[in-house]
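A look at the structure
Each chain, letter by letter, is given below.
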Amino acid sequence: MTSVVAQAVVNGLLIGGIYALVSIGVTLIFGVVKIVNFAQGEFVMIGMYISWWLASHCGLDPVASLVVSMPALFVAGVLLQRFLIRRVLGLGDMPQIFLTFALSLLLMNLALLLFTANYRTVQTSYTLSAIHIGPLYIGVAKLIAFALAMLLSGALAVFLRATDLGKAMRASAQKREVAMLMGVNPDHVFGVAMGLALALAGAAGSLIVPFYPVYPGVGQVFVLMAFVAVVLGTLGNVTGALIAGLMMGLAESLGIQFVGADSGLIVVFAMLLLTLAVKPSGLFGGRVR
Amino acid sequence: MEKPKGKTSPRRYTRRGFLTTVARGTVATGVLTAYGVTAFKAKAAPAAVNIGGLYPVTGSFGQIGQACVNAAKLAVQMVNSAGGIKSLGGAPLNLILSDVQSDTTVTRTETERLITSNKLSAIHGSFASALTLITSEVAERLKMPLLTGSSSDLLNQGGRKYTFTPFARASQFAQAQLRMAKLIASGKPKVAVVFENTAFGTSSSKGLQDQAPAAGVEIVMFEPYSAGFADASPLINKVRASGASMLFAVSYLTDLVLIVRTMKQMGVNIPINGGSGGFIIPDFYKNVGKDAEGLVGVAHWNHDMNADAKTVDAAYQKQYGDFIFESQGSLVAQTFMIADALERAASPDPQKVRDALASLDVSKGYAAMAPGGKVKFDQNGKNVYGHPLGVQWQKGNLVTVFPKGEARAELIKV
Amino acid sequence: MKRGVRPPRPLGYAAAALVLILLPRVVSNAFAIDIFVRVFLFAFIGVAWNLLGGYAKQLSLGHAAYFGLGAYTSTILLIRFGVSPWIGIMAGAVVAMLASLPIGTLCFRLRGPYFAIATIGTAQALMLLFLKFRNFAWGAEGITIPYHGNAPLMMQFDAKAGYYYIALTMLAIGLAITYWVERSWMGYYLVAVGEDQDAAEAVGVNVPRIKRDIYLISAFLTGLAGTFYVQYIYFIDPNTAFNFNVSVEAALVSIVGGVGTLWGPVVGTVLLEPTSALAQSWLGGAHGGVQLTLYAVILIVVIMWRPTGLLGVLTGAYERIVRAAPSGVPATATAEPKGAPLDG
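None of the values given here were measured: they were computed from a predicted structure. (Residues numbered from 1 in each chain as written. Chains lettered and ligands numbered in written order. Predicted model: local features only at pLDDT ≥ 70, side-chain atom pairs only at ≥ 80, totals over all residues. Heavy atoms only, no water.)

Points about the overall build of chain B
Here is the rule we go by: Comment: elements are numbered from the N terminus, with helices defined as DSSP H or I runs of at least four residues and strands as E runs of at least two. The buried label applies to any residue whose accessible area, calculated with a 1.4 Å probe on protein chains only, is under 20% of its type's maximum; exposed applies above 50%, and partly exposed to all values in between. In what follows, a contact means two residues having at least one pair of non-hydrogen atoms within 4.5 Å. Each accessible area is a Shrake-Rupley estimate made with a 1.4 Å probe; only the visible protein chains count as cover when residues are assessed.
The secondary structure content of chain B amounts to twelve helices and 14 strands. When each of the 414 residues of chain B is scored for burial, the buried share is 60%. Considering only residue pairs separated by 6 or more positions, chain B has 66% of its internal contacts joining residues 24 or more positions apart. Accessible area of chain B: about 16500 Å², with a carbon and sulfur share of 56%.

Laid out in structure tokens, this is it:
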């Protein structure tokens with residue numbers, strides 16, 4: 001019995017790492033730019049297509065393709081902020097939500113037009129191998145994805161804490177007007193924030209390609225998880241998003257194991273509702289807005 | 001600033017004007033005569049008979065829907081190159097397609113639109129059980145005969161008069177899967193059943209649950225799962241914990257691929273019966289590769305069934321490369337069944353076609369291209385000879401291995 | 001807020017109403033009538049959404065929850081207990097209304113986009129629950145409405161006209177309610193909450209109660225739509241009933257048309273629904289994704305160009321075309337009084 005639980009925990013954490021990566025991106029954008037990016041899942045999808053394309057046409061390993069997908073998406077994020085997001089800042093919730101929502105719709109359907117609905121998969125040499133530790137099976141591809149996800153999250157945390165630009169971003173997230181008074185250019189900071197968040201989404205996509213199929217609607221699976229994780233981890237809190245992302249993976253896995261295989265999402269929503277009922281401001285307290 | 005409108009000068013018959021008028025008149029007369037002559041000369045070509053095809057070309061079933069559309073077009077080509085409907089003067093079939101976008105609402109509106117905006121004689125569709133149930137409802141109300149390969153048992157219930165299902169039903173699939181399980185396993189099989197919580201998964205798995213005791217199979221796990229999950233590990237973990245010696249999975253492609261791969265990865269090496277759905281299409285093998293070898297499933301049609309099926313397969317492969325799979329092949333047969341009905345009805349009227357379908361009784365030709373080679377409908381639209389085939393992936397090819405009399409290859413025990 | 005815009009003269013309204021009422025007698029093409037039904041239905045859902053999302057600016061993306069609850073309630077009553085959908089529709093709306101209470105209590109704890117996410121979550125949770133209730137509510141397979149032929153007492157019509165009139169009536173009711181709310185004290189409070197919740201509270205508006213009350217109305221109306229829809233398409237399953245697209249469309253039509261306005265949802269639906277239906281019949285099957293890409297592009301363009309919705313554009317155009325001369329107060333009256341000294 002314990003081995004069943006242990007395996008469930010392992011499975012949950014491994015996929016939770018990916019959820020965490022996506023969630024961090026969402027919370028970063030929310031914290032700094034103060035908008036919710038409904039299209040985050042689609043950027044994961046774009047990262048996946050980039051890696052799939054490179055893998056099937058150039059034989060490039062998906063993990064290695066991070067060096068392509070991350071910068072590409074970083075640039076996309078900066079451009080997105082410059083040309084679209086900037087125009088709707090300050091107009092209230094509605095335009096912002098619907099802009100990113102429309103973007104999500106657009107990207108998904110463009111992918112459908114360009115690549116058709118066919119599922120694409122990539123098989124790497126390590127896709128099917130697993131490490132045995134006692135009775136536990138740990139998929140190698142998933143382990144690599146988890147490890148890199150944690151690495152990237154850690155790198156972001158260091159960036160936010162140690163570099164000037166990172167501090168500027170945190171300052172803008174806390175008190176935008178004061179940060180501006182201190183000489184921070186909000187446009188610049190927002191652009192970088194979006195760039196980083198989208199780069200993380202792209203990374204998440206590239207990392208899961210060895211074990212997950214690529215198709216236009218794949219982002220939807222991740223975005224809902226990410227949103228719940230962001231609420232649970234307190235909006236705008238990067239560490240919170242990380243921890244909550246892992247918790248989401250764990251909850252889903254344990255839910256499937258002990259409640260029912262179709263109950264993974266129900267458990268997740270139960271967590272959302274519980275959070276709302278008990279501590280709406282999330283695990284790390286603070287202001288709701 | 002407006003230009004002052006000049007008064008039109010009084011018409012004058014100039015020579016030029018006269019000649020021009022005569023010239024125009026001559027040309028016009030000439031054209032009209034030529035047209036009239038040719039029109040009278042050529043016997044009016046027989047008006048095409050319209051049939052409708054409703055498939056999900058986009059959305060979650062898009063991949064298979066597109067493949068079905070390819071097959072539908074091929075089928076019509078085949079009927080027409082064989083001379084069309086002879087009792088209607090060699091009238092060709094005209095296929096009018098509609099994309100139902102894997103969405104129930106769109107299916108509802110599109111089916112209605114297709115039937116009311118066109119003079120159709122019959123329709124076929126829509127691959128997925130969830131969608132076909134709606135197509136059938138609309139067809140019943142609009143009194144349009146519908147042929148479908150969808151396995152849902154609900155399609156033969158509720159007093160339907162216009163819905164015809166020439167191929168195996170979900171309950172029959174279950175029976176076949178259980179019997180195959182006993183052939184593969186040594187001793188009493190302990191089976192874990194996982195199925196996606198959609199119409200397809202639920203109806204198929206219900207059949208399994210109902211019939212297992214009588215078939216001598218023990219179901220140790222019966223678990224619906226949410227389609228489109230990101231990670232199959234928790235599910236496979238459960239399968240392992242259940243002590244099952246065999247897995248029945250009722251899924252469409254993505255989930256099935258994930259399940260198979262994850263099982264391999266987690267070292268759960270028990271035989272898998274992949275049902276139909278995502279299991280029996282070429283893409284399954286492409287995505288799973290060698291791990292698909294030896295996996296068994298069930299299908300209501302297979303490309304190695306008989307000579308006719310092989311011919312259709314060859315024609316399809318020539319155009320599209322992959323082998324023709326279950327839903328595609330069966331709709332080719334259905335197109336020919338419609339053609340057969342039109343022949344006997346000698347009329348494109350849907351009511352007459354419906355009656356002709358109800359009295360269909362064929363045992364040769366493409367219209368009889370079904371397991372067992374015979375098609376005849378009972379009053380619920382079910383084919384009295386209908387039964388499923390057991391199939392297995394062997395060396396990258398999907399071969400029929402069950403029932404014994406119709407096997408084209410030996411069932412390999414994995 | 002477009003509340004200050006003068007509506008066209010009542011005669012225009014009466015004429016339009018007459019045309020709409022007589023339309024089914026003249027038009028017999030089922031496809032055309034279907035478009036009208038869908039326009040009325042989705043405009044109605046949009047109007048219901050608009051009360052909460054447009055006026056009070058509580059952006060719900062989970063209205064499908066109420067749609068589905070209404071639909072399932074009436075269907076369960078019909079199939080398991082033989083109750084006519086005319087009663088079922090009311091029962092369904094009441095169930096939806098009651099459900100909005102606990103959902104609201106939970107979700108209103110969040111603001112803005114996070115309220116939206118919470119509402120998405122509740123609709124999805126309901127879908128999952130109904131997928132699980134296989135014995136009670138037919139689970140994933142869903143159920144079809146038994147065919148009674150032409151049975152007006154059971155809300156079934158052979159001719160489309162029956163559905164057309166019901167949908168038209170629902171829309172009229174929705175608009176009437178919105179009109180009444182707009183001009184009542186509740187309307188003022190709603191707008192206050194929508195513009196600045198905290199300020200409204202500071203001024204003494206009972207914000208939680210207002211939000212709760214408008215949510216009740218909004219949910220009730222959406223529940224009605226759900227029952228109608230099931231009766232119209234003869235089929236229900238959790239995916240159709242709680243479909244995210246319904247939630248999206250409810251909000252979309254108001255945003256494109258004009259949030260917080262009476263006619264906004266109607267304008268939005270008139271633009272989007274027929275476009276979508278026609279795009280589907282012309283492009284459908286040609287290339288997947290074209291139609292929705294179009295939708296997305298329209299939405300992006302509208303948001304970037306006129307975030308408050310197209311109604312403003314239309315009324316502006318109307319003013320320019322119809323009003324020949326500028327009416328109203330001469331310019332000088334708005335000028336600063338000359339010579340008034342400021343401080344010191």
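Now that the structure is up, let's keep going.
Description of the interface of chain B and chain A
Cut-off, in case you're wondering: Salt bridges are identified by distance alone: a Lys or Arg side-chain nitrogen within 4 Å of an Asp or Glu carboxyl oxygen. Pairs of N or O atoms are called polar contacts if they sit within 3.5 Å, as long as, within protein, a hydrogen donor faces a hydrogen acceptor (for residues adjacent in sequence, only side-chain-to-side-chain pairs). Under the convention adopted here, Pro, Cys and the residues Ala, Val, Leu, Ile, Met, Phe, Trp and Tyr are nonpolar, Asp, Glu, Lys and Arg are charged, and Gly plus all remaining residues are polar.
Taken together, the contacts link 31 residues of chain B with 36 residues of chain A. The interface formed by chain B and chain A holds zero salt bridges in total. The interface formed by chain B and chain A contains eight residue pairs in polar contact (both at pLDDT 80 or more). Within the residue set of the side of chain B that touches chain A, elements represented by two or more residues are helix H2 (62–81), strand S7 (218–225), helix H7 (233–241), helix H8 (253–265) and helix H9 (282–288) of chain B. Residues belonging to the side of chain B that touches chain A are distributed by class as follows: eleven nonpolar, 13 polar and seven charged.

Here we look at the sheet that holds strand S5 (residues 163–164) of chain B
Residue and element names in this part refer to chain B. Let me state the cut-off plainly: Each pair of strands is called paired provided DSSP finds at least two bridges between the two strands. All axes are obtained by fitting lines to C-alpha atoms, using only the stretch in contact for helices, and the reported angles, taken between N-to-C directions, cover 0 to 180 degrees.
Strand order in the open sheet formed by five strands is S2-S1-S3-S4-S5, and the pairing between neighbours is parallel. The open sheet has two edge strands, strand S2 (93–99) and S5, and neither has a second partner. Pairing of strand S1 (residues 49–55) with S2 involves seven bridges; the strand directions are parallel. Residue pairing in the sheet places glycine 52 in a bridge with isoleucine 96 of S2. Packed on one face of the sheet, helix H11 (residues 326–345) meets S1, S2, strand S3 (120–125) and strand S4 (146–147) and runs near 160° to S3.

Some points on the side chain of glutamine 231 of chain C
Residue and element names in this part refer to chain C. Note on placement: glutamine 231 falls in helix H10 (residues 207–233). The exposure class assigned to glutamine 231 is buried, which follows from its relative accessible area of 1%. From its side chain, glutamine 231 meets the backbone oxygen of methionine 154 in a polar contact 3.3 Å long. For glutamine 231, the residues in contact, after removing those within four places along its chain, are Leu78, Pro85, Ile145, Met154, Met155, Gln156 and Tyr163.

Any functional reading would require information that these geometric values do not contain.
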